[in-house]
Amino acid sequence: MTDPAAAERKRVWKTPPGVPLCAATDIADPGARSFVLQIGEAFFHGFVVKKDGGIAGYVDRCPHQGFPLALELDRYLTPDGSLILCGWHGAVFEPLTGDCIGGPCAGGRLTPWPVESSAGLIRTA
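How each quantity is defined
Residues numbered from 1 in each chain as written. Predicted model: local features only at pLDDT ≥ 70, side-chain atom pairs only at ≥ 80, totals over all residues. Heavy atoms only, no water. Disulfide = S-S within 2.5 Å. Buried < 20%, exposed > 50% of the residue type's maximum accessible area, 1.4 Å probe, protein only. Pairing = 2+ DSSP bridges. Helix = DSSP H or I, 4+ residues; strand = E, 2+ residues; numbered from the N terminus. Axes fitted to C-alpha atoms, helices over the stretch in contact; angles between N-to-C directions. Core = buried A, V, L, I, M, F, W, Y, C linked by side-chain atoms within 4.5 Å. Contact = heavy atoms within 4.5 Å. Lys, Arg positive; Asp, Glu negative; His and termini not counted. Salt bridge = Lys/Arg side-chain N within 4 Å of Asp/Glu carboxyl O. Phe/Tyr/Trp six-rings, centres within 6.5 Å; stacked < 30°, edge-to-face > 60°.

Another point: the state of the cysteines. Note on terminology: a disulfide is the covalent bond linking the sulfur atoms of two cysteines. According to the stated counting rule, one finds 0 disulfides in the structure shown. For C105, which is in no disulfide, the shortest distance to another cysteine sulfur is to C100 and amounts to 3.4 Å. Residue classification places C105 among the buried residues on the basis of a relative accessible area of 9%.

Attention now goes to the sheet that holds strand β3 (residues 42-51). Sheet strands line up and pair through hydrogen bonds in the backbone, either parallel or antiparallel. On the basis of which strands lie adjacent, the open sheet formed by 3 strands has the order β2-β3-β4 and antiparallel pairing. Either end of the sheet is taken by a strand with one partner, and the two such strands are β2 (31-39) and β4 (54-59). Adjacent strand axes in the sheet meet at a mean angle of 25°, parallel and antiparallel pairs treated alike.

This next bit is on the nonpolar core. Counting residues in hydrophobic clusters, the biggest one holds 17 residues, and the most contacted among them are F47, V49, Y58, L69, I84, F93 and L110. Secondary-structure elements contributing two or more residues to this core are β3 and β4. Once residues lying within four places of it in the same chain are set aside, the contact partners of F93 are C62, P63, L69, L83, I84, C86, G98, D99, C100, C105 and L110. Judged by nonpolar contacts, the second largest core, of 12 residues, contains A24, L37, V59 and W113.

Turning to the side chain of D60, a few remarks are in order. Within the secondary structure, D60 is located in the loop between β4 and β5 (84-85). One buried charge, D60, has no salt-bridge partner; the nearest side chain with opposite charge is R11, at 6.7 Å. In contact with D60, other than residues within four places in its own chain, are R11, H45, G46, F47, F67, P68, L69, A70 and Y76.

Turning next to the sheet that holds strand β1 (residues 20-23). Spatially, 3 strands are ordered β1-β9-β8 in an open sheet, and the strand pairing comes out antiparallel. Taken across any chain shown, the strands that pair with only one partner, and hence form the sheet edges, are β1 and β8 (115-118). Taken over all neighbouring pairs, the strand axes of this sheet differ in orientation by 25° on average, direction set aside. Summarising the sheet, β1 and strand β9 (residues 121-124) pair through 3 bridges and their orientation is antiparallel.

Inspection of every chain in the model, using the stated rule, returns 3 salt bridges. One salt bridge in this structure joins R33 and D26, with 3.7 Å as the shortest N-O distance. Two residues, K51 and D52, come together in a salt bridge whose shortest N-O distance is 3.4 Å. For K51, a relative accessible area of 18% translates into the label buried. On the basis of relative accessible area, D52 is assigned to the exposed category, the value being 66%.

With that out of the way, let us pick up the packing of aromatic side chains. Counted under the stated rule, the structure contains 5 aromatic pairs. Residues F47 and Y76 carry aromatic rings whose centres are separated by 4.0 Å and whose planes lie at 5° to one another, so their mutual orientation is stacked. Residue F47 is located in strand β3, and its partner Y76 is located in the loop between β4 and β5; the two are separated by 29 residues in the primary sequence. Each of the two residues, F47 as well as Y76, counts as buried. Between F67 and W88, the aromatic rings sit 5.3 Å apart at their centres with planes inclined by 50°, giving tilted as the arrangement. Residue F67 is located in the loop between β4 and β5, and its partner W88 is located in the loop between β5 and β6 (92-93); the two are separated by 21 residues in the primary sequence. For F67, a relative accessible area of 33% corresponds to the partly exposed category.

Here you go:
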């Protein structure tokens, strides 16, 4: 019999700096994109948001219950692109700060994932 815990993917919560993620033009403004990086035997799940010319990265985990935020691939923003939305419980977050401004984790915040944009590329910082 297979042990279910052994079949689970190991997770990590940080990434090394300098890993290229995508071209800066690959993410609309406003927009967001999901990234899954293999770090050794484990996996990192994060997303990058672009809004008003700024970018921010976050660990893809809602502070309310620990679920990934998007119900569909790359669907992190509200329909008007103004806020990050947790599709599970409706929490909303400021895109460039990660501050939760409404919903079940109001006053909380997303875990930052350091990213930077330079020379036309978005990479880990």
